[in-house]
Amino acid sequence: MGDLVRVDTNEGIGTIRLDRPPMNALNTQVQEELRAAASAVSADPDVRAVIVYGGEKVFAAGADIKEMADMSYVDMAQRATDLSSALGALARIPKPVVAAITGYALGGGCELALACDWRVVAEDAKLGQPEIKLGIIPGAGGTQRLARLVGPARAKDLIMSGRMVDAAEALRIGLADRVAPADRVYAEAVALVRPYLTGPAQALRAAKQAVDGGLEMDLASGLAWESQLFAALFATDDRREGMAAFVEKRRPDFTGR
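The structure presented is a predicted model; accordingly, all values stated were derived computationally and were not measured. (Residues numbered from 1 in each chain as written. Predicted model: local features only at pLDDT ≥ 70, side-chain atom pairs only at ≥ 80, totals over all residues. Heavy atoms only, no water.)

**Notes on the sheet that holds strand β4 (residues 97-101)**
Link 1 in the chain: Strand order across the open sheet formed by six strands is β1-β2-β3-β4-β6-β9, with mixed pairing between neighbours. Only two strands of the sheet have a single partner each, and these edge strands are β1 (5-10) and β9 (178-180). With direction set aside, neighbouring strand axes in the sheet form an average angle of 20°.
Link 2 in the chain: In terms of strand pairing, strand β2 (residues 13-18) meets strand β3 (residues 49-53) through five bridges, oriented parallel. Opposite threonine 15, over in β3, you have isoleucine 51 as the bridge partner. (Pairing = 2+ DSSP bridges. Helix = DSSP H or I, 4+ residues; strand = E, 2+ residues; numbered from the N terminus. Axes fitted to C-alpha atoms, helices over the stretch in contact; angles between N-to-C directions.)

In structure tokens:
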């Protein structure tokens, strides 16, 4: 896809691979290549699930502070909007997405992980939102997605202290979904998404839209949104196949249509 972010596809899994040594800092180029990668995997019918991966040593240690240090309010108003929308493009990938986290996921790197559906974390990894130590706050989803994931009190603790959490605490508070040895993180991410590769793609997409969209609505609106998505699936081949397989007591053969 680009010089710093690439997409590798293998057996239905699209891996969005960050490659900006030494720490995969999220500068403007990485930001825009992430946006392009999200668009590519969303549109590719051969990609049934996605892994976001920074490599064996580090996921992403944050935004590029050197790039930001001399920016004015006017400069940052646009930059923050662009970074937030780039990570939003990852969050809107209509397929299962897991972050495979090694080393550090800090600041913008943690926000990148939060834009995924699940997080597989190395036993020795550290996660956090340390922006407060720079006199700022997270600006690309950290205050919003973290609070929705772990609750407002825990989110305030992490954001207002700027402290890092280890894998065990991340798992306990719901910031991590699985913990694995560092050299097994990518393989564990593959194992997490593998069941979805032969699943009903349109129903999986609808499930993600229902949950994520509903979190932005009141209950009545969320229920109406769910009903609309539910009914729409009755126009799919996979719905017909799934119900026929149930009646015939056999395994369904989903095509993603």
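From this point on, the discussion continues.
**Digging into the nonpolar core**
Link 1 in the chain: Counting 61 residues, the largest nonpolar core has Ile16, Leu34 and Leu90 as the members making the most contacts within it.
Link 2 in the chain: Dropping the residues within four chain positions of it, leucine 34 is found in contact with Val5, Ile16, Leu18, Leu26, Leu87, Leu90 and Leu112. (Core = buried A, V, L, I, M, F, W, Y, C linked by side-chain atoms within 4.5 Å. Buried < 20%, exposed > 50% of the residue type's maximum accessible area, 1.4 Å probe, protein only. Contact = heavy atoms within 4.5 Å.)

**Brief notes about the packing of aromatic side chains**
Link 1 in the chain: All chains considered together, the criterion is met by three aromatic pairs.
Link 2 in the chain: Between tryptophan 118 and tyrosine 196, the aromatic rings sit 5.5 Å apart at their centres with planes inclined by 5°, giving stacked as the arrangement. In this pair, tryptophan 118 is assigned in strand β6 (residues 118-122) and tyrosine 196 in the loop between α8 (185-193) and α9 (201-214), connecting sequence segments 78 residues apart.
Link 3 in the chain: Given the relative accessible area of 23%, tryptophan 118 is considered partly exposed.
Link 4 in the chain: Assessed through its relative accessible area of 25%, tyrosine 196 is described here as partly exposed.
Link 5 in the chain: Ring plane angle 70° and centroid distance 5.4 Å describe the contact between phenylalanine 230 and phenylalanine 234, whose orientation is recorded as edge-to-face.
Link 6 in the chain: The exposed category is assigned to phenylalanine 230, whose relative accessible area is 54%. (Phe/Tyr/Trp six-rings, centres within 6.5 Å; stacked < 30°, edge-to-face > 60°.)

**Section: a negative patch on the surface**
Link 1 in the chain: Taken together, Glu56, Glu123, Asp124 and Asp183 make up a surface patch of like negative charges.
Link 2 in the chain: Looking at the element boundaries, glutamate 123 is found in the loop between β6 and β7 (126-128). (Patch = residues over 30% accessible without salt bridge, like charges linked within 9 Å, V, L, I, M, F, W, Y side chains within 5 Å. Areas by Shrake-Rupley, 256 points an atom, 1.4 Å probe, with all protein chains shown as cover. Salt bridge = Lys/Arg side-chain N within 4 Å of Asp/Glu carboxyl O. Lys, Arg positive; Asp, Glu negative; His and termini not counted. Charge placed at Lys NZ, Arg CZ, Asp CG, Glu CD.)

**Regarding the sheet that holds β7**
Link 1 in the chain: Pairing within the open sheet is mixed, and its three strands lie in the order β5-β7-β8. In the strand order of this sheet, the two ends are held by β5 (104-106) and β8 (164-166), each with one partner. Geometrically, the sheet is characterised by an average inter-axis angle of 20° between neighbouring strands, direction not taken into account.
Link 2 in the chain: Taken together, the three bridges between β5 and β7 define a ladder with parallel strand orientation. The partner of leucine 106 across the bridge, within β7, is glycine 128.

**Notes on the packing of helix α1 (residues 28-43) against helix α3 (residues 73-91)**
Link 1 in the chain: Interhelical geometry of α1 versus α3 gives an angle of 30° and a closest axis separation of 8 Å. Here α3 runs roughly parallel to α1, going by the angle between their axes. Relative to α3, α1 is oriented so that their crossing is left-handed. Contacts from Thr28, Gln31, Glu32, Leu34, Arg35 and Ala38 of α1 reach α3 at Arg79, Asp82, Leu83, Ser85, Ala86, Leu87, Ala89 and Leu90.
Link 2 in the chain: When the residues that make up the contact of α1 with α3 are grouped by side-chain class, the tally is seven nonpolar, three polar and four charged. (Parallel < 35°, antiparallel > 145°, perpendicular 65-115°, else oblique. Left-handed = near helix turned anticlockwise from the far one by under 90°. Nonpolar A, V, L, I, M, F, W, Y, C, P; charged D, E, K, R; others polar.)

**Details of the state of the cysteines**
Link 1 in the chain: Scanning the model with the defined rule gives zero disulfides in all.
Link 2 in the chain: The thiol of cysteine 110 is not disulfide-bonded; the next cysteine sulfur, from cysteine 116, is found 11 Å away.
Link 3 in the chain: On the accessibility criterion, cysteine 110 (2% relative accessible area) is buried. (Disulfide = S-S within 2.5 Å.)

**Quick word on the packing of α9 against helix α10 (residues 219-232)**
Link 1 in the chain: With their axes 9 Å apart at the nearest point, α9 and α10 run at an angle of 170° to one another. The angle between α9 and α10 falls in the class roughly antiparallel. Residues Ala206, Gln209, Ala210, Gly213 and Gly214 of α9 pack against Gly222, Trp225 and Leu229 of α10.

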